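Here are the chains, one letter per residue:
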Amino acid sequence: MDEVIMDQIMYVVHQVVSWIASFAIVFGGVVPYIPQYRDIRRTQNAEGFSTYVCLVLLVANILRILFRFGRYFETPLLWQSIIMIITMLIMLNLCTNVRMATELNTKRRLFTDFDWNYFWFWSRFVDYLQCVLAFTVLAAYVTYLLLDSVLFVESLGFLAVFTEAMLGTPQLYCNYQNKSTEGMSIKMVLMWTSGDTFKTGYFLLTQAPMQFWICGLLQVCVDFAILFQVYYYSLYPQKPISHTTHTTSAKAL
């Protein structure tokens, strides 16, 4: 009798832990963008946030959703992609409105101009939506045609998670170019590291496709490289500290 009760208790505990982990996976990735969103709205300045972050995450998560049609993975990971896409569209809408309110140039740049010089630097939020929709339709059509190819499906999954894994490298390169981590929130980097570590552990425990946990490990390595830059440039400063307004970077967990 006692053994049956203990088994029931352990089952309930396991379910609760599983729900908490799933909730963290679904919504944990968008947490860093909440303070970023509030900061942009408060300062009416979007220079501290690169909209290319949105581009990378939109591409990565659209490809991940398409990958699920060829290779099953956990439902929380699917919802994570959906929530992240919505979040990036919200960030794009805010950044576009703020930029256009402060930009002196009155010429409007449109997606339908097909001018590569202004790619992902358009004047209206609807142009970003058109680009995302066009990419989604094209990628979905190619996936539909090649869904029976194991090589294509596995490559699609790797491309999706590898794109997201590389999200921290622009910040890493930017710090290297500036020889400083000034203007980058250390708390944000710590959130990246803890989130990526948790996510990679989740991939391993749930036996997610190999592409997921390999690229998760790569993300963790990039995070630790940025933390090393914080330590190194604070110990050996190589440029005078300016009095610019503090800005924060952003990334997916």
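On a predicted model such as this, the values are computed, not experimentally measured, just so you know. (Residues numbered from 1 in each chain as written. Predicted model: local features only at pLDDT ≥ 70, side-chain atom pairs only at ≥ 80, totals over all residues. Heavy atoms only, no water.)

Draft legend 1. Representation of the overall build of the protein in the model. Looking only at helices and strands, one finds 9 helices and 0 strands in the protein. Written out in order from the N terminus, the α and β elements of the protein read α-α-α-α-α-α-α-α-α. When the backbone C-alpha atoms are referred to their principal axes, the protein occupies close to 75 × 50 × 30 Å. Looking at the protein residue by residue over its 253 residues, the buried ones come to 42%. Put simply, of all contacts in the protein between residues at least 6 apart along the chain, 77% involve residues at least 24 apart. Roughly 14,700 Å² of accessible area belongs to the protein as shown, and the carbon and sulfur atoms make up 68% of that amount. (Helix = DSSP H or I, 4+ residues; strand = E, 2+ residues; numbered from the N terminus. Buried < 20%, exposed > 50% of the residue type's maximum accessible area, 1.4 Å probe, protein only. Contact = heavy atoms within 4.5 Å. Areas by Shrake-Rupley, 256 points an atom, 1.4 Å probe, with all protein chains shown as cover.)

Draft legend 2. Just the nonpolar core, in detail. Of all hydrophobic cores here, the largest spans 49 residues; its most connected members are Tyr33, Ile40, Phe49, Leu58, Met88, Trp120 and Phe212. Elements represented by at least two residues in this core include exactly α1 (2–28), α2 (33–43), α3 (51–68), α4 (75–102), α5 (125–146), α6 (150–165), α8 (186–205) and α9 (210–235). The leading source of residues in this core is α4, at 12 residues. The contacts of methionine 88, once residues within four sequence positions are left out, are Tyr33, Val53, Cys54, Leu57 and Leu58. Counting 5 residues, the second-largest nonpolar core is a separate cluster that includes Met188, Trp192, Val222 and Ile226. (Core = buried A, V, L, I, M, F, W, Y, C linked by side-chain atoms within 4.5 Å.)

Draft legend 3. Spatial organisation of the environment of leucine 167. Position of leucine 167 relative to the elements: it lies in the loop between α6 and α7 (169–178). Residue classification places leucine 167 among the buried positions, given a relative accessible area of 6%. When the C-alpha positions of leucine 167 and valine 53 are compared, they lie 7.0 Å apart, and in sequence the two are 114 residues distant.

Draft legend 4. Representation of unusual backbone geometry in the model. Positive phi, normally seen in glycine, also occurs at phenylalanine 114, with a value near 55°. Judged by relative accessible area, which is 65%, phenylalanine 114 ranks as exposed. Positive phi, close to 60°, is recorded for tryptophan 120, a residue that is not glycine. Given a relative accessible area of 1%, tryptophan 120 falls into the buried group.

Draft legend 5. Spatial organisation of the packing of aromatic side chains. All told, the structure shown has 13 aromatic pairs when counted by the stated rule. With a centroid separation of 5.3 Å and an interplanar angle of 80°, the aromatic rings of phenylalanine 111 and tryptophan 122 are classed as edge-to-face. Separated by 11 residues along the polypeptide, phenylalanine 111 in the loop between α4 and α5 and tryptophan 122 in the loop between α4 and α5 bring together distant segments of the chain. For tryptophan 122, a relative accessible area of 3% translates into the label buried. Taken together, a centroid distance of 6.1 Å and an interplanar angle of 25° make the contact between phenylalanine 228 and tyrosine 232 stacked. Residue phenylalanine 228 and its partner tyrosine 232 are located together in helix α9, separated by 4 residues, close to a single helical turn. Judged by relative accessible area, tyrosine 232 falls into the partly exposed class, the value being 32%. What links up through ring pairs into an aromatic cluster is the set Phe111, Phe114, Trp116, Phe119, Trp120, Trp122 and Tyr128. (Phe/Tyr/Trp six-rings, centres within 6.5 Å; stacked < 30°, edge-to-face > 60°.)

Draft legend 6. Region of interest: the side chain of arginine 109. Relative to the helices and strands, arginine 109 is located in the loop between α4 and α5. On the accessibility criterion, arginine 109 (6% relative accessible area) is buried. For arginine 109, the side chain forms a polar contact with the main-chain oxygen of phenylalanine 121, separated by 3.1 Å. (Polar contact = N/O pair within 3.5 Å; in protein donor to acceptor, adjacent residues only side chain to side chain.)

Draft legend 7. The pattern of salt bridges, seen in detail. By the definition in use, this model includes 5 salt bridges. Aspartate 196 is paired through a salt bridge with lysine 199; the nearest N and O atoms lie 3.8 Å apart. With aspartate 196 and lysine 199 both in helix α8 and 3 residues apart, this pair spans about one turn of that helix. On the accessibility criterion, lysine 199 (2% relative accessible area) is buried. Each of the salt bridges in this network shares a partner with another, and the network as a whole consists of Arg64, Glu164, Asp196 and Lys199. (Salt bridge = Lys/Arg side-chain N within 4 Å of Asp/Glu carboxyl O.)

Draft legend 8. Quick peek at the confidence of the model for the protein. Averaged over all residues, the pLDDT of the protein equals 82, while 90% of them reach at least 70. Segment residues 240–250 is flagged for pLDDT under 50; beyond a separation of four residues in sequence, or across chains, it makes 27 contacts in the model. (pLDDT = per-residue confidence, 0-100.)

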